[in-house]
Amino acid sequence: MVNKLKKNPSIQKLITQYDHLPRRDQMALKVLAAAVFLFLIYFVIWRPAAGFRQDALDERESSAALISWLQENRAAIVALGKTGDSAGGSSTITDTRSLMATVTSSANSAGLSLQRFEPSGETGMRVWIEDAPFRIVAGWLDQLSKQYGIIIDQAAMDRDDVPGVVSVRLTLQI
């Protein structure tokens with residue numbers, strides 16, 4: 001294969017040009033070729049491989065930490081799962097209308113003013129609350145979850161300039 005390459009007219013022309021260069025220029029080209037070769041080996045092969053290895057090691061450590069945490073807290077997790085099943089199973093809410101009625105009435109009784117709410121799909125609704133105390137919002141959300149079995153699918157909270165006051169956007173599901 002090397003012989004075929006050497007017989008190629010353009011390769012022969014390059015070899016002829018190289019042979020006519022002074023020895024010092026030939027040496028400089030050899031050093032340059034070696035430097036380019038080492039550069040390519042390092043940046044195309046070695047560095048990406050080392051990065052992939054480090055990422056894998058980091059992921060392994062993270063997974064090991066998660067596994068040990070899960071094993072340490074197994075009893076609490078199982079207990080949480082059992083209480084979550086009983087809360088979700090006892091929900092009397094069956095459609096979006098009863099969900100909306102439950103959410104608005106519980107928000108009013110908690111002292112929250114819903115700025116806007118709308119249905120979201122067949123079993124959900126979106127809720128906007130502006131400038132409400134965080135502790136009241138958190139208590140209300142806990143009540144929705146525990147008492148009615150309503151799931152908080154998505155939540156976004158933005159803090160206000162006043163400490164402890166937030167604006168909330170929620171997506172709730174049955």
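Residues numbered from 1 in each chain as written. Predicted model: local features only at pLDDT ≥ 70, side-chain atom pairs only at ≥ 80, totals over all residues. Heavy atoms only, no water.

1. Describing the pairing of strand E3 (residues 151-159)
Look at any regular strand and the pattern is simple: side chains alternate between the two faces of the sheet.
Next up, step 1: Pairing geometry for E3 and strand E4 (residues 165-173), over eight bridges, is antiparallel. Opposite Ala 155, over in E4, you have Leu 170 as the bridge partner.
Next up, step 2: In textbook terms, the turn of a hairpin is the stretch between consecutive antiparallel strands, and for E3 and E4 this stretch comprises five residues, one of which, Gly 164, has a positive phi near 85 degrees. (Pairing = 2+ DSSP bridges. Helix = DSSP H or I, 4+ residues; strand = E, 2+ residues; numbered from the N terminus.)

2. A short note on the packing of aromatic side chains
Next up, step 1: According to the stated counting rule, one finds two aromatic pairs in the structure shown.
Next up, step 2: Geometrically, the ring pair formed by Phe 39 and Phe 43 is tilted, given 4.7 Å between the ring centres and 45 degrees between the ring planes. Taken together, the residues span about one helical turn, with Phe 39 and Phe 43 both in helix H3 (residues 23-72) at a distance of four residues.
Next up, step 3: By relative accessible area, which is 48% here, Phe 39 ends up partly exposed.
Next up, step 4: On the numbers, 4.8 Å between centres and 90 degrees between planes, the contact of Tyr 42 with Phe 43 is edge-to-face.
Next up, step 5: When its relative accessible area of 38% is taken as the criterion, Tyr 42 is described as partly exposed.
Next up, step 6: Three or more aromatic residues link up through ring pairs in this structure, and these residues are Phe 39, Tyr 42 and Phe 43. (Phe/Tyr/Trp six-rings, centres within 6.5 Å; stacked < 30°, edge-to-face > 60°. Buried < 20%, exposed > 50% of the residue type's maximum accessible area, 1.4 Å probe, protein only.)

3. Concerning the pairing of strand E2 (residues 124-133)
Next up, step 1: Relative to E2, strand E1 (residues 114-119) runs antiparallel, the two sharing five bridges. Looking at E2, one finds that Glu 118 is bridged to Arg 126.
Next up, step 2: Where E2 meets E4, eight bridges bridge the pair, whose relative direction is antiparallel. Directly across from Gly 124, in E4, lies its bridge partner Gln 173.

4. Describing the pattern of salt bridges
Next up, step 1: Taken as a whole and judged by the stated rule, the model has four salt bridges.
Next up, step 2: The partner of Glu 118 in a salt bridge is Arg 126, with the nearest N and O atoms 3.0 Å apart.
Next up, step 3: Accessibility expressed as a relative area gives 21% for Glu 118, which makes it partly exposed.
Next up, step 4: Residue classification places Arg 126 among the partly exposed residues on the basis of a relative accessible area of 34%.
Next up, step 5: Note that Asp 142 and Lys 146 form a salt bridge whose closest N and O atoms lie 3.5 Å from each other. On the criterion of helical spacing, the pair formed by Asp 142 and Lys 146 is a turn pair, its members being four residues apart in helix H6 (residues 134-148).
Next up, step 6: Note on Lys 146: relative accessible area 61%, which makes it exposed.
Next up, step 7: One salt-bridge network, held together by shared partners, links Arg 116, Glu 118 and Arg 126. (Salt bridge = Lys/Arg side-chain N within 4 Å of Asp/Glu carboxyl O.)

5. Observations regarding the confidence of the model for the protein
Next up, step 1: For the protein, per-residue confidence averages 88 on the pLDDT scale, and residues scoring 70 or more make up 94% of the total.
Next up, step 2: Mean pLDDT values over the elements of the protein span from 66, in helix H4 (residues 74-89), up to 95, in H3. (pLDDT = per-residue confidence, 0-100.)

6. A short note on the nonpolar core
Next up, step 1: Within the largest apolar cluster, 20 residues are counted, with the highest numbers of intra-cluster contacts made by Val 103, Val 127, Ile 129, Trp 140 and Leu 172.
Next up, step 2: Elements with a contribution of two residues or more to this core: helix H5 (96-110), E2, H6 and E4.
Next up, step 3: Excluding residues that lie within four positions of it along the chain, Ile 129 makes contacts with Leu 112, Ser 113, Leu 114, Gln 115, Trp 140, Val 166, Ser 167 and Val 168. (Core = buried A, V, L, I, M, F, W, Y, C linked by side-chain atoms within 4.5 Å. Contact = heavy atoms within 4.5 Å.)

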